[in-house]
Amino acid sequence: CLQSTHQLLPLCGRLPTWLPWPRCPQALVSGQFLNTSFAGPRYIKPAQQSAAGAGAGASAASPSTWWQLDLGPQHRLLCNYYTIRHDGSQDGFVRSWVLQGSNDMQHWLDLRRHLNDSAIRLPGQYGSWPVSGPAASMPFRAFRLLLLGPTQSRSSPWVFCLSHWELYGYFHKLSSTST
């Protein structure tokens, strides 16, 4: 049985209750927020190439940064909207990222892709987006926000600075026989 919920797991904060749902503030900023949350880069080596195809820099690691949420093996969310909030830093505004969903945390499906998105441009600012298309009709156990390119930070371009993120949609628990 699917249950409707307007807000799932507000990790570090909440939007004001006076905002209508679905909440889609593009420039909402307030003074109360966590200003130290970030995900730093992990350096991933590319798959091994054949000796003939290996060139200079072929084994260089590339940065990969993400935030990940696992609802657990018995829970699923059919996500139709999400919100992120930049932390209090004066730079590091995210521009290219993707919201992904997975049921095994090995294979990820893109739910919403952002390329050169300048919606977040102030410290503490919220940004909200719908999830549409075929992905909006599939429930997932896990979600992640994956950085696709560097942020606007000059000193730490692969640090994904968020105060919190929220997922909206239909949340349900699987029966014990349907794992």
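Residues numbered from 1 in each chain as written. Predicted model: local features only at pLDDT ≥ 70, side-chain atom pairs only at ≥ 80, totals over all residues. Heavy atoms only, no water.

J.: Residue-level account of the nonpolar core, with values.
T.: Nonpolar side chains in soluble globular proteins tend to end up buried together. Counting 26 residues, the largest nonpolar core has Tyr82, Ile84, Leu99, Phe143, Leu145, Trp165 and Leu167 as the members making the most contacts within it. Elements represented by at least two residues in this core include exactly strand S5 (66–70), strand S6 (75–85), strand S7 (97–102), strand S10 (142–147) and strand S12 (164–173). Examining the composition of this core, we find that four residues originate from one element, S6, more than from any other. Contacts of Leu99, omitting those with residues within four sequence positions, involve Cys79, Tyr82, Leu109, Asp110, Leu111, Arg112, Val131, Arg144, Leu145, Trp165 and Leu167. (Core = buried A, V, L, I, M, F, W, Y, C linked by side-chain atoms within 4.5 Å. Buried < 20%, exposed > 50% of the residue type's maximum accessible area, 1.4 Å probe, protein only. Helix = DSSP H or I, 4+ residues; strand = E, 2+ residues; numbered from the N terminus. Contact = heavy atoms within 4.5 Å.)

J.: Explain the sheet that holds S7 residue by residue, including any values.
T.: Backbone hydrogen bonds are what pair the strands of a sheet, in a parallel or an antiparallel way. Pairing is antiparallel in the open sheet, where four strands are placed in the order S5-S10-S7-S8. Since the sheet does not close on itself, it has two edges, and those belong to S5 and strand S8 (109–114), each with one partner. Sheet twist, expressed as the mean angle between neighbouring strand axes with direction ignored, is 15°. With five bridges connecting them, S5 and S10 associate as antiparallel partners. Bridge pairing in S10 links Trp67 to Leu145. (Pairing = 2+ DSSP bridges. Axes fitted to C-alpha atoms, helices over the stretch in contact; angles between N-to-C directions.)

J.: Explain the environment of Ser102 to me, using residue names and the numbers behind them.
T.: Take Ser102: it is sitting in strand S7. When its relative accessible area of 1% is taken as the criterion, Ser102 is described as buried. Separated by 40 residues in sequence, Ser102 and Ala142 place their C-alpha atoms 5.2 Å apart. In this structure, Ser102 is in contact with His107, Trp108, Phe140, Arg141 and Ala142, ignoring residues within four places of it in sequence. One polar contact links the side chain of Ser102 to the main-chain carbonyl oxygen of His107, over a distance of 2.8 Å. (Polar contact = N/O pair within 3.5 Å; in protein donor to acceptor, adjacent residues only side chain to side chain.)

J.: I'd like a description of the pattern of salt bridges, backed by residues and values.
T.: This structure, assessed with the given rule, holds two salt bridges. Residues Asp70 and Arg141 are paired through a salt bridge, measuring 2.7 Å at the closest nitrogen-oxygen approach. You can see Asp70 sitting in strand S5 and its partner Arg141 sitting in the loop between strand S9 (126–130) and S10, a full 71 residues away along the chain. One salt bridge connects Asp110 with Arg113, and the closest N-O pair in it is separated by 2.5 Å. (Salt bridge = Lys/Arg side-chain N within 4 Å of Asp/Glu carboxyl O.)

J.: Would you mind going over unusual backbone geometry in detail, with residue names and values included?
T.: Residues other than glycine seldom take positive phi values, yet Met105 does so here, at roughly 60°. Inspection of the secondary structure assignment puts Met105 in the loop between S7 and S8. With a phi close to 55°, Asn116 is a non-glycine residue in the positive phi region. Considering the arrangement of structural elements, one finds Asn116 in the loop between S8 and S9.

J.: Which residues make up the environment of Gln90, and what values go with them?
T.: With respect to the helices, strands and loops of the structure, Gln90 is situated in the loop between S6 and S7. With 33 residues separating them in the primary sequence, Gln90 and Pro123 have C-alpha atoms 5.8 Å apart.

J.: An account of the side chain of Ser96 is needed here, citing residue identities and associated values.
T.: Structurally, Ser96 can be placed in the loop between S6 and S7. Non-local contacts of Ser96, meaning those with residues more than four positions away in its chain, are made with His114, Leu115, Asn116, Leu147, Leu148 and Gly149.

J.: How would you sum up the environment of Phe143? Please name residues and give values.
T.: Structurally, the position occupied by Phe143 is in strand S10. Judged by its relative accessible area of 0%, Phe143 falls in the buried class. Separated by 72 residues in sequence, Phe143 and Leu71 have C-alpha atoms that sit 8.4 Å apart. With sequence-adjacent residues up to four places away left out, Phe143 is seen in contact with Trp67, Gln68, Leu69, Leu71, Leu77, Cys79, Gln100, Gly101, Trp108, Leu111, Trp165 and Leu167.

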